[in-house]
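What follows is each chain in one-letter form.
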Amino acid sequence: MFDNISPTYDKLNHLLSLNIDKCWRKKAVRMIMEHKPQNVLDIACGTGDFSIALARAGVPHVSGIDISEGMMDVGRTKIQRLGLDAQIQLQQEDSESMSFDDASFDAVSIAFGIRNFEHRELGLREMYRVLRPGGQLLVLELSVPRNRLLLAVYKLYFLHVLPAVGRLISRDTEAYKYLPASVLNFPSPEEFCAMMRDAGFRIVETRSLTFGLCRIFTGIK
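Below, the structure is looked at part by part. (Residues numbered from 1 in each chain as written. Predicted model: local features only at pLDDT ≥ 70, side-chain atom pairs only at ≥ 80, totals over all residues. Heavy atoms only, no water.)

**A short note on the pairing of strand β5 (residues 131-142)**
When a strand is regular, its side chains alternate between the sheet's two faces. When you tally the buried positions in β5, you get nine out of twelve residues, the bulk of the element. With six bridges connecting them, strand β4 (residues 105-111) and β5 associate as parallel partners. Residue pairing across strands places Ser109 opposite Leu138, the latter belonging to β5. With helix α5 (residues 120-130) bridging β4 and the parallel β5, this β-α-β connection has right-handed handedness. (Buried < 20%, exposed > 50% of the residue type's maximum accessible area, 1.4 Å probe, protein only. Helix = DSSP H or I, 4+ residues; strand = E, 2+ residues; numbered from the N terminus. Pairing = 2+ DSSP bridges. Right-handed = clockwise from strand over helix to strand, strands pointing away.)

Written out as structure tokens, the structure reads:
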């Protein structure tokens, strides 16, 4: 599915979020940079926007991984165009069973990807495994607002407007039905924080962005 929509993914991502996604990424990157990591693993990197933001913020080495070669091909083109080849390497990996050694990275990030995992608990344990002691996990993910009025508007947009626009531009009839379903079925903030703790993370915290449309989750190994 992601291979199929990769040519229009960036355009639709920014259009459908009214470019607010760029602000969310900036805030998440600033939080990661507070720890001054030298080596970051960006999981479900897709077309590379978050990996690029990390490199531009000063991370010397970013390893981006994804299961979709189509998405990463778009990312590699952007990275080459920006002259960031020496800082960012993208490779295909199964995020629930990674080939990296234990304690390989100072920080692990995943932006708008954890909801696509088949087994989130397994993925979180893998993230814990590849982090160095004291390293930070940061998860940036779309969320469901808790205000009833805002939730009603949100569902109208997410369940009707977004799929129609996505279908029109991407020509994929299923992908932009999957997106709202995956967000609406994601665990509550409390449930996901509990999952992070069960995976071994400590000092687990979450913060709401833009009235609850997005959330940042953090934890320390």
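**So, a positive patch on the surface**
On the surface, Lys22, Lys26, Lys27, Arg30 and Arg207 cluster together into a positively charged patch. It is helix α2 (residues 20-33) that provides the largest number of residues to the positive patch, a total of four residues. You can see Lys22 is positioned in helix α2. (Patch = residues over 30% accessible without salt bridge, like charges linked within 9 Å, V, L, I, M, F, W, Y side chains within 5 Å. Areas by Shrake-Rupley, 256 points an atom, 1.4 Å probe, with all protein chains shown as cover. Salt bridge = Lys/Arg side-chain N within 4 Å of Asp/Glu carboxyl O. Lys, Arg positive; Asp, Glu negative; His and termini not counted. Charge placed at Lys NZ, Arg CZ, Asp CG, Glu CD.)

**Quick word on the pattern of salt bridges**
If you walk through the whole model with that rule in mind, you get nine salt bridges. Here Arg146 ties to Glu190 by a salt bridge, and the two come within 2.8 Å at their closest N and O atoms. In this pair, Arg146 sits in the loop between β5 and α6 (148-170) while Glu190 sits in helix α8 (residues 189-198), placing the two residues 44 residues apart along the sequence. Judged by relative accessible area, which is 54%, Arg146 ranks as exposed. Residue Glu190 is classed as partly exposed on the basis of its relative accessible area of 47%. Here the salt bridges do not stand alone but share partners, grouping Glu69, Asp73 and Arg76 into one network.

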